[in-house]
Amino acid sequence: MATPTEKVRLWQLISPLSPVGAYHHSQGLEEAVGAGWVSDEGTALAWIHGLLGRSIANLDLPVVARARTAWRDGDVAALRRWDALCRACRETSEQRAEERNMGAALVALLGELGERSPDGQRLGYPAAFGVAAFNASLGARDTLAGFAWAWCENQVACAVKLIPLGHSAGQRMLRELGASLDAVVEHALAVADDEIGLASPGLAIASALHETRHTRLYRS
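Now for a quick tour of the structure.

1. Notes on the packing of helix 3 (residues 41–72) against helix 4 (residues 76–88)
Phase 1: For the pair helix 3 and helix 4, interaxial distance at closest approach is 8 Å and the crossing angle is 170 degrees. Taken together, the axis directions place helix 3 and helix 4 in an arrangement best described as roughly antiparallel. Considering how the two elements wind past one another, helix 3 and helix 4 form a crossing that is left-handed. Here Leu 59, Val 63, Arg 66, Ala 67, Ala 70 and Trp 71 of helix 3 lie close against helix 4, whose contacting residues are Val 76, Ala 78, Leu 79, Trp 82 and Cys 86.
Phase 2: For the contact of helix 3 with helix 4, the per-class residue count stands at 10 nonpolar, no polar and one charged.

Written as structure tokens, this is what we have:
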């Protein structure tokens, strides 16, 4: 179990104040709202919950866990391999740019805070998060729960702004999503190496359409 100090490090890592640029990205949600696929609290919750279980739990979280372990073991080659796999699974240029830019921002932040990171390595955000989590002495479950919670919080914030929804609706959504995190984390920890990946065609279509959207609030 994380100590109070370690919990603070986790909260800092997933804080909206962390300068990684997460607030720039809706991850296809802006297009889903524009297309009418997501239009209210119920459809927003279904969209976010579906991606949490199919995309985040099957790709991002397993990569975060393996990146953390590789960095713990000093295995930079494995860290690079998992990072490359994660990037290869991103189906649009927006998704790849988001992963690249957020990862670069987090690695830069680690350097500014005097923390270790792979020398000269460009890491995507999940791999960089795994590195940061090990630096903060966070256990695997706390690391994955923190990553998943931050992703959910950002998606809900986007939904509240885009649909729009009231803040009470946002809090109801976060409560339901939070209640599923234990199961999501356990699933992610059980995913075998050759099962890592995602099957979220709706996300891929929304992201591809968003790339040519004339006006938009978010980069993805």
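2. What about the pattern of salt bridges?
Phase 1: Under the defined criterion, the tally for this structure stands at eight salt bridges.
Phase 2: The partner of Arg 90 in a salt bridge is Asp 60, with the nearest N and O atoms 2.8 Å apart. Of this pair, Arg 90 sits in the loop between helix 4 and helix 5 (93–112) while Asp 60 sits in helix 3; the two residues are 30 residues apart in sequence, bridging distant segments of the chain. Each member of the pair, Arg 90 as well as Asp 60, carries the same accessibility label: buried.
Phase 3: Between Arg 90 and Glu 99 there is a salt bridge, with the nearest N and O atoms lying 2.4 Å from each other.
Phase 4: For Glu 99, a relative accessible area of 4% corresponds to the buried category.
Phase 5: The network of salt bridges with common partners includes Asp 60, Arg 90 and Glu 99.

3. Some thoughts on helix 8 (residues 167–179)
Phase 1: Here helix 8 is 13 residues long and its end C-alpha atoms lie 18 Å apart, about the 18 Å a rise of 1.5 Å per residue gives.
Phase 2: Those residues of helix 8 not exposed but buried are Ala 169, Gly 170, Met 173, Leu 174 and Leu 177. Buried residues of helix 8, viewed axially, fall in a sector of 135 degrees; they line one side. Counted as exposed and oriented over 90 degrees from the buried face of helix 8: Ser 168, Gln 171, Arg 175 and Ala 179.
Phase 3: Residues of helix 8 that are buried in the fold lie against helix 3, helix 7 (140–162) and helix 9 (181–190).

4. A short note on the side chain of Ser 207
Phase 1: Examined against the element boundaries, Ser 207 turns out to sit in helix 10 (residues 201–210).
Phase 2: Here Thr 92 takes part through its side chain, which lies 2.5 Å from a polar atom of the side chain of Ser 207.

5. Some words on the environment of Leu 181
Phase 1: Its location among the elements puts Leu 181 in helix 9.
Phase 2: On the accessibility criterion, Leu 181 (10% relative accessible area) is buried.
Phase 3: Sequence spacing of Leu 181 and Ala 128 is 53 residues, and the spatial spacing of their C-alpha atoms is 21 Å.

6. Some thoughts on a nonpolar patch on the surface
Phase 1: On the surface, Trp 37, Ile 205 and Leu 209 cluster together into a nonpolar patch covering about 280 Å² of accessible area.
Phase 2: Checked against the element boundaries, Ile 205 lands in helix 10.

7. Examining the side chain of His 210
Phase 1: Looking at the element boundaries, His 210 is found in helix 10.
Phase 2: With a relative accessible area of 0%, His 210 lands in the buried category.
Phase 3: Among the polar contacts listed, one links the side chain of His 210 to the side chain of Glu 94, at a separation of 2.9 Å.
Phase 4: Look past the residues within four positions of His 210 in its chain and what remains in contact with it is Glu 30, Glu 31, Glu 94, Arg 216, Tyr 218, Arg 219 and Ser 220.

8. Quick notes on the packing of aromatic side chains
Phase 1: Counted according to the given criterion, the structure contains four aromatic pairs.
Phase 2: With centroids separated by 5.7 Å and ring planes inclined at 35 degrees, the aromatic side chains of Tyr 125 and Phe 147 adopt a geometry described as tilted. With Tyr 125 in helix 6 (residues 125–135) and Phe 147 in helix 7, the pair connects residues that are 22 residues apart, well separated along the chain. Judged on exposure class, the residue Tyr 125 and its partner Phe 147 are both buried.
Phase 3: Residue Phe 147 is classed as buried on the basis of its relative accessible area, which comes to 6%.
Phase 4: Taken together through their ring pairs, the aromatic side chains of Tyr 125, Phe 129 and Phe 147 make up a single cluster.
Phase 5: The cationic tip of Arg 81 hangs over the ring face of Trp 82; the distance from NZ or CZ to the ring centre is 5.7 Å.

What counts as what
Residues numbered from 1 in each chain as written. Predicted model: local features only at pLDDT ≥ 70, side-chain atom pairs only at ≥ 80, totals over all residues. Heavy atoms only, no water. Axes fitted to C-alpha atoms, helices over the stretch in contact; angles between N-to-C directions. Helix = DSSP H or I, 4+ residues; strand = E, 2+ residues; numbered from the N terminus. Parallel < 35°, antiparallel > 145°, perpendicular 65-115°, else oblique. Left-handed = near helix turned anticlockwise from the far one by under 90°. Contact = heavy atoms within 4.5 Å. Nonpolar A, V, L, I, M, F, W, Y, C, P; charged D, E, K, R; others polar. Salt bridge = Lys/Arg side-chain N within 4 Å of Asp/Glu carboxyl O. Buried < 20%, exposed > 50% of the residue type's maximum accessible area, 1.4 Å probe, protein only. Expected span 1.5 Å × (residues − 1). Arc of directions from axis to C-beta. Polar contact = N/O pair within 3.5 Å; in protein donor to acceptor, adjacent residues only side chain to side chain. Patch = residues over 30% accessible without salt bridge, like charges linked within 9 Å, V, L, I, M, F, W, Y side chains within 5 Å. Areas by Shrake-Rupley, 256 points an atom, 1.4 Å probe, with all protein chains shown as cover. Phe/Tyr/Trp six-rings, centres within 6.5 Å; stacked < 30°, edge-to-face > 60°. Lys NZ or Arg CZ within 6 Å of the ring centre and 35° of its normal.

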